[in-house]
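Chain by chain, the residues run as shown.
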Amino acid sequence: MQANNIAAQEPNNELDSLTALVHAYKKEDSVRINILNNLASTTCYSAPDLAMTYANEAMEIGKKINYEDGTAAAYKELGIIYYIKSNYENSLKFFFLCLNIYEKNNDIVNIGNINNNIGNIYWILDNYDEAILKMNIAKECFIALKDQKRLSTVYANLGALYGEKKESDKAIEFFNMSLDIKMKVEDIKGVASIYNNIGEEYVQATKINEGITFFKKALDIYYKLKDNYNLSIVHLNISEAYLMQEKYDFSLQYMDSAAKFLETTDNKTIQKNLFFNYHNYYQKLGNFETALFYYKKYSDIKDSIFNKEKSEQLIDIQTRYETEKTIRENEILLANQELYRATIQRQNVLFWTLLFIVILVLIVAIQLFVLNKQKKKVNEILSTKNAEILQQKEEILTQNEILHQHKEEIEAQRDKIEKQRDYAVEQHEIISTQNQYIKDSIVYASRIQYTLMDAVSDILKDFSPAFIIFKPRDIVSGDFYWHRTDEHIKFLAVADCTGHGVPGALMSMLGISFLNDIFAFYRMPEPAFVLEELRRRVKTSLQNSDTKTNQRDGMDIAICKIDEKQNIITYSGANNSIYVVNDDTLIEYKAVRCPVGSYAMEKDFVNNNIEYTKDTKLYLFSDGFIDQLNGLTTEKYKTARFKNLISTTATLSLDEQKQAIETEFETWKTKNYRQIDDILIIGLICNYTDNL
């Protein structure tokens, strides 16, 4: 069975910024520890040796400054790295070290994660009962936390473990529980893992064709995710299934594919299984020489993983050897004691005799030495005086040469320093000029952007009473607002484009132009149709760009059509919800979970018709305020807090509400932290027509 999800962070696109940050930030404190742990988590699969260097440094600093949370995180990363390198003894060691800290601090999330990790290792070591015990502890933690994603992982692991124990009914029960959750939360990679496990259950029950069907479902997903690690596992499972059906050509094809994908990873457990498959394949073909070759490779890796018993035997042999050696040495010591006493007596007599002779010789030698020394003393004094005079003369000459050389070196260094100073001044002037040119260009770009966007005064006039809070993070913005008025029907849109600053501004200008074109071509289109047409145009305009970048480019947008004659708001959104407040009650109308642009799981946009009454308030916004980090805790403001802010201030006038929102933003951000994203919030009171 395939082990599921040792708790580690997926590699992400922040690696470059983290690497730059760890080189720039040298202070040994909690900040550096957190950076190192993030780097270890980011690189543990792609570069485990480098990740181990980061985690070890984080551990040492954490111990040094007594930072328990950082030390526990470093232990966890080391456990994951050793797991990836198939060093399960050290992996267990570090997982138990961090588990002690998490249990002491009652950290339920990490208690669940680490028990899941330890259960996976016991699973690999074929200790299924202990693995199930640890998985059940993790399950209870995630049920208490209502953490559906992690709970689905534990259910999958329990299903696989009961499959290993040949308890198929329990295995299928847990797999289905896991699959239901993974589909609900759109965990595509998790769905693939469950497909693979169900396939293994079918193969184990000799329903091989059904098993292969599920394996291939998993392959389709892993190919899209470019997940070489899991591609190697599933190819290996398919090769085993075809081998059971004696379809040897297909079996070899999938084994070779597994070996190819395995080149990008260093997992000894998968390598062991691959070599065992090759052994079975060649044995069935009658090629016993090649089969024996692969069995030896399989055995070597297996011995390197499971060597605990051999180590204990060596320790026992070494202990017996040391004990026997000590006994023999004691026997020899007792036998030689009598001989030692007799030898000491003879040596004492010889010692005193020799000592007397030596004293006599020393007395005569001292007398001769004193006479000779007195004679030499006079000669040495004269020689010393002559040598001192000659030495002083040479030192004076040498010092003169050194002073002259230093003078030349100082003059050369002075000339070099003056040239470097002149060059530095010149470069500073060039950089200053370039910076000013860039800034002037961006400022000019902002004028173009504001020219394309409707004037704030026009929106406030057409939707009066209303307010707009528009705070670009940089000079230009990735957020934009747009409106159109035609008699009693008004359109209003708020969009958040990919990125911020210059890239976001370019995308926003593209969005404004497309909206203008759509409304020039179609009269009074429905909001959902506008979003579909906008998505088509964005995808068409970006179709020649880099595929990876294209998948991220686009915008989140909410667009409302307000019919002031019928008193109806028609809303459609792409990742941007809206709030409507009636009688002090706030209702959130959620957007379709799909951006305007290229997206792997593209969905149709829908219209929401909302009847409004007198004094109904409508709010459109981007996610800039919601994602803002607190200047003291670095915590995000989050949707729940933002919704509460709008609800509690909705009783104020719009001008007072605007001021309250801006004050809350500055208080939350504090002077200690920068604004991290563009911010756009529009609030208005819908104009009501009494049709009675």
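Residues numbered from 1 in each chain as written. Predicted model: local features only at pLDDT ≥ 70, side-chain atom pairs only at ≥ 80, totals over all residues. Heavy atoms only, no water.

With that out of the way, let us pick up the overall build of the protein chain. Counting secondary structure elements, the protein chain contains 22 helices and 11 strands. Evaluated residue by residue, the protein chain yields a buried proportion of 41% over its 692 residues. Within the protein chain, contacts between residues separated by at least 24 positions form 64% of all contacts whose residues are at least 6 apart in sequence. (Helix = DSSP H or I, 4+ residues; strand = E, 2+ residues; numbered from the N terminus. Buried < 20%, exposed > 50% of the residue type's maximum accessible area, 1.4 Å probe, protein only. Contact = heavy atoms within 4.5 Å.)

Turning our attention to the sheet that holds strand E1 (residues 466–471). The sheet built from five strands is open, its strands ordered E1-E11-E10-E6-E7 with antiparallel pairing. Of all strands in the sheet, those bounded by a partner on one side alone are E1 and strand E7 (585–589). In this sheet, neighbouring strand axes are inclined to one another by 15 degrees on average, regardless of whether the strands run parallel or antiparallel. Alignment of strand E6 (residues 578–582) against E7, held across five bridges, turns out to be antiparallel. Its bridge partner being in E7, Val-581 is matched across the sheet by Leu-586. Where helix H22 (residues 654–669) meets the sheet, it contacts E1, strand E10 (617–621) and strand E11 (679–685), and its direction lies at approximately 20 degrees from that of E1. (Pairing = 2+ DSSP bridges. Axes fitted to C-alpha atoms, helices over the stretch in contact; angles between N-to-C directions.)

What the rule picks out here adds up to 22 salt bridges. The partner of Arg-523 in a salt bridge is Asp-486, and the shortest N-O contact between them spans 2.8 Å. Note that Arg-523 is positioned in the loop between helix H18 (501–521) and helix H19 (527–542) and Asp-486 in strand E2 (residues 479–486), a separation of 37 residues in sequence. On the basis of relative accessibility, which here comes to 18%, the residue Asp-486 falls in the buried class. One salt bridge connects Glu-666 with Lys-669, and the closest N-O pair in it is separated by 3.7 Å. Of the two residues, Glu-666 and Lys-669 are both situated in helix H22; the distance of three residues between them amounts to about one turn of the helix. Given a relative accessible area of 40%, Glu-666 falls into the partly exposed group. When its relative accessible area of 13% is taken as the criterion, Lys-669 is described as buried. Through salt bridges with shared partners, a single ionic network connects Glu-532, Arg-535, Lys-539 and Glu-602. (Salt bridge = Lys/Arg side-chain N within 4 Å of Asp/Glu carboxyl O.)

Between Ser-464 and the following residue, Pro-465, the backbone shows a cis peptide bond with an omega angle of -5 degrees. Position of Pro-465 among the secondary structure elements: in the loop between helix H17 (456–462) and E1. The backbone of Asp-126 shows a phi angle near 65 degrees, a positive value even though the residue is not glycine. Along the polypeptide, Asp-126 turns up in the loop between helix H6 (108–124) and helix H7 (128–145).

What follows deals with the nonpolar core. Grouped together as the largest cluster of nonpolar side chains are 79 residues, with contacts concentrated most on Phe-95, Cys-98, Ile-114, Ile-118, Tyr-195, Val-234 and Ile-238. Per element, the largest residue contribution to this core is nine residues, and it comes from helix H4 (residues 68–84). When sequence neighbours within four positions are dropped, the list of residues in contact with Ile-238 reads Phe-215, Lys-216, Leu-219 and Tyr-254. Residues Trp-482, Met-507, Phe-514 and Val-530 belong to the second largest nonpolar core, which totals 27 residues. (Core = buried A, V, L, I, M, F, W, Y, C linked by side-chain atoms within 4.5 Å.)

Moving on, we come to helix H11 (residues 208–225). Across its 18 residues, H11 extends 26 Å between first and last C-alpha, which sits within 8% of the 26 Å expected from 1.5 Å per residue. For H11, the full list of buried residues reads Ile-208, Gly-211, Ile-212, Phe-214, Phe-215, Ala-218, Leu-219, Ile-221 and Tyr-222. Residue Lys-226 follows H11 closely and has a positive phi angle near 55 degrees. (Expected span 1.5 Å × (residues − 1).)

This part takes up the environment of Leu-274. For Leu-274, the position within the fold is in helix H14 (residues 268–284). In this structure Leu-274 comes out as buried when scored by relative accessible area, which is 5%. With 41 residues separating them along the chain, Leu-274 and Ile-233 place their C-alpha atoms 9.1 Å apart. Excluding residues within four positions of it along the chain, Leu-274 makes contact with Leu-236, Met-255, Ala-258, Ala-259 and Leu-262.

Let us look at the confidence of the model for the protein chain. Averaged over every residue, the pLDDT of the protein chain is 85; residues scoring 70 or more account for 86%. Note on residues 308–335: pLDDT is under 50 here. Beyond four places in sequence and across chains, it has one contact. (pLDDT = per-residue confidence, 0-100.)

Moving on: a nonpolar patch on the surface. Taken together, the side chains of Leu-350, Phe-351, Trp-352, Leu-354, Leu-355, Phe-356, Ile-357, Ile-359, Leu-360, Val-361 and Ile-363 define a hydrophobic patch exposed on the protein surface, amounting to about 1100 Å² of accessible area. Judged by its relative accessible area of 46%, Phe-351 is partly exposed. (Patch = residues over 30% accessible without salt bridge, like charges linked within 9 Å, V, L, I, M, F, W, Y side chains within 5 Å. Areas by Shrake-Rupley, 256 points an atom, 1.4 Å probe, with all protein chains shown as cover.)

Quick look at empty space enclosed by the protein now. To locate leftover empty space, one rolls a probe as large as a water molecule over the atoms. Applying the stated rule across the entire model yields one cavity of 30 Å³ or more. What lines the largest cavity is Asp-462, Phe-463, Lys-490, Ile-562, Glu-564, Leu-684, Ile-685, Cys-686 and Asn-687. For the lining of the largest cavity, the per-class residue count stands at five nonpolar, one polar and three charged. (1 Å grid on protein atoms, 1.4 Å probe; cavity = no way out; pocket = protein on both sides within 12 Å on 5 of 7 lines; lining within 4 Å. Points joined across faces, edges and corners; volume = space filled by probe spheres on them. Nonpolar A, V, L, I, M, F, W, Y, C, P; charged D, E, K, R; others polar.)

As a further point, take the environment of His-483. Along the chain, His-483 falls in strand E2. A residue is classified by how much of its surface remains accessible, and His-483, at 7% relative accessible area, is buried. Along the primary structure His-483 and Ile-512 are separated by 29 residues, whereas in three dimensions their C-alpha atoms are 9.9 Å apart.

For E6, a buried count of five out of five residues is recorded, marking the element as mostly surrounded by other parts of the structure. Of the two faces of E6, the one carrying Ile-578, Val-580 and Asn-582 and the one carrying Tyr-579 and Val-581 are both buried. Counting the residues that bridge the hairpin from E6 to E7 gives two residues, and of these Asp-583 lies at a positive phi of roughly 50 degrees. Pairing analysis gives four bridges linking E6 to E10, with the strands arranged antiparallel. Paired with Val-581 across the strands is Lys-617, a residue of E10.

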